[in-house]
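Observations on chain architecture
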Amino acid sequence: MDFALSDDQRALQQAAADFARVELSPHAAEWDAAAHFPVAVIRRAGEAGFLALYVDEAQGGLGLSRLEASLIFEQLAQGCVSTTAYLTIHNMATWMVARWGSEAVREAWMPALVSGQRLASYCLTEPGAGSDAASLRTRAVRDGDDYVLDGSKMFISGAGSTDALVVMARTGPPDSGAAGISAFLVPADAAGIHYGKNEDKMGWKSQPTRLVSFDGVRVPAGQRLGEEGEGFRLAMKGLDGGRLNIASCSLGAAQLALTLARDHLHQRRQFGRELAAFQALQFRFADMATELVSARLMVRHAAWRLDHDDPLASAHCAMAKRLATDIGFSVCNEALQLHGGYGYIKEYPLERLVRDTRVHQILEGTNEIMRVIVARRLFEPEALDNLI
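The model shown is predicted, which means the values in this text are computed figures rather than measured ones.

Things to note about the environment of Leu165
Mapping Leu165 onto the fold places it in strand 4 (residues 164-170). Residue Leu165 is classed as buried on the basis of its relative accessible area of 0%. In this structure the C-alpha to C-alpha distance between Leu165 and Gly63, which are 102 residues apart in sequence, comes to 23 Å. Excluding residues within four positions of it along the chain, Leu165 makes contact with Ser121, Cys123, Phe184, Leu185, Val186, Ala188, Ile193, Tyr195, Val212 and Phe214.

Quick notes on the environment of Arg371
For Arg371, the position within the fold is in helix 11 (residues 367-378). Given a relative accessible area of 44%, Arg371 falls into the partly exposed group. Remark: the alpha-carbon pair of Arg371 and Asp326, spanning 45 residues in sequence, is separated by 12 Å.

Topic: the pairing of strand 3 (residues 146-157)
With 5 bridges joining them, strand 2 (residues 139-143) and strand 3 adopt antiparallel strand pairing. Residue pairing for strand 3: Arg142 is matched across the bridge by Tyr147. Linking strand 2 back to strand 3 in an antiparallel pair, the connection comprises 2 residues, with Gly144 at a positive phi of about 65°. For strand 3 and strand 7 (residues 209-220), the ladder comprises 10 bridges, and the chain directions are antiparallel. Looking at strand 7, one finds that Asp146 is bridged to Pro220.

Concerning the packing of helix 4 (residues 66-77) against helix 7 (residues 231-267)
Two numbers describe how helix 4 lies on helix 7: the axes approach to 7 Å, and their chain directions differ by 35°. The way helix 4 lies across helix 7 gives a crossing that is right-handed. Two secondary-structure elements touch here, helix 4 through Arg66, Ser70, Phe73, Glu74 and Ala77 and helix 7 through Gly241, Asn245, Ser248, Cys249, Leu251, Gly252 and Ala253. Looking at the contact of helix 4 with helix 7 residue by residue, the class counts come to 5 nonpolar, 5 polar and 2 charged.

Calculation notes
- Within any chain, residue numbers begin from 1 and follow the written order of that chain's sequence.
- Selection of residues for local features in this predicted model requires a pLDDT of at least 70, selection of side-chain atom pairs for listing and counting requires 80 or more, and totals for whole chains, interfaces and linings are taken over all residues.
- To get the side-chain values, all heavy atoms of the structure are used, and hydrogens and water are removed first.
- Note on conventions: DSSP H or I runs of at least 4 residues are helices, E runs of at least 2 residues are strands, and numbering of each starts at the N terminus.
- Each residue is assigned to one of three classes by its accessible area relative to the maximum for its type, calculated with a 1.4 Å probe on protein chains only: buried under 20%, partly exposed between the two thresholds, exposed over 50%.
- Any two residues having at least one pair of non-hydrogen atoms within 4.5 Å are treated as being in contact.
- Here, a strand pair is defined by DSSP locating no fewer than two bridges between the strands.
- Lines fitted to C-alpha atoms define the axes here, with helix axes fitted over just the stretch in contact, and angles between the N-to-C directions of these axes take values from 0 to 180 degrees.
- Note: crossing handedness is left-handed where the near helix turns anticlockwise from the far helix by less than a right angle, and right-handed where it turns clockwise.
- Three classes are used: nonpolar for Ala, Val, Leu, Ile, Met, Phe, Trp, Tyr, Cys and Pro, charged for Asp, Glu, Lys and Arg, and polar for all others, with Gly counted as polar.

Fair warning: the whole summary comes from geometry, so function is off the table for now.
What follows is the structure, encoded as structure tokens:
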């Protein structure tokens, strides 16, 4: 068992760290304060290859493993958590188009999605279907060579500022559950699509979040992704990687918070000594670092499982997402506490890290749902024996 990264993987890390330092970090506070969606910078991320990390090279992507994508997202998140989180969503949607779109769809959309000339949103959650995604009610009714979409999606990242929507809609009867859901690639400016207000969120302010309504939206049948009735399975496959991606963002945020905490403990003096000299604070810092390393190892192990099509990969992705997002938020929160009053003001990035990482425990499946996924899988025969 070799935990060492290859020279190529370290080069990918460094390229992402350089991009974060130059393009993201200097502007993250400004984007947060102004709720600005930095489309120009996102397109430069596309030029660097960061918008199609695990899309096959034949489709214009970098063809990287999920482990390598995790390494990159962790570095990018140290520049701006919110913007990096959107990059992960675009990567997930673009991968789904590349993997399950028809040849015509791929030819029409992939070059622009890979480069960032067109941006994508992922539309699964509805006002009445969050954790219970299989109960979604958005309808797609076949009408000749088209489907007609009616319904709404909630909490859609990038909505109103993106060009493509990967939409999950019900093509089966109302009681058909997961088996009655299909996936579609829908142009974001199609007639009958309406966008709600940009939600005023606690964090993730550098990306818009809106409700999307579909009122008689006609979508050519050729823009269905996969077969009819396969949409829920496709959505869950996308989310396996999406959970690792958002877990990686939490790792990056926590790494930055830990670095800032270390520097502050050396710089700040009380009672004639550096804060770093107090054993109680040393112990807290050591625990933060230990928890971060444990989460990082679990994320990388889950990514390895996903790369190797392991039967338990989904459970490992859920475990990694739960652990890394809980620990990521905890480390950021502890780092803020170690900064005292300084951590609570916007001049320091700690309060932004806390706000941005809090939602990671909710999206891509709440951490309560992660526990449900893990428990259900591990109660299957022999699953627990093959856990490690």
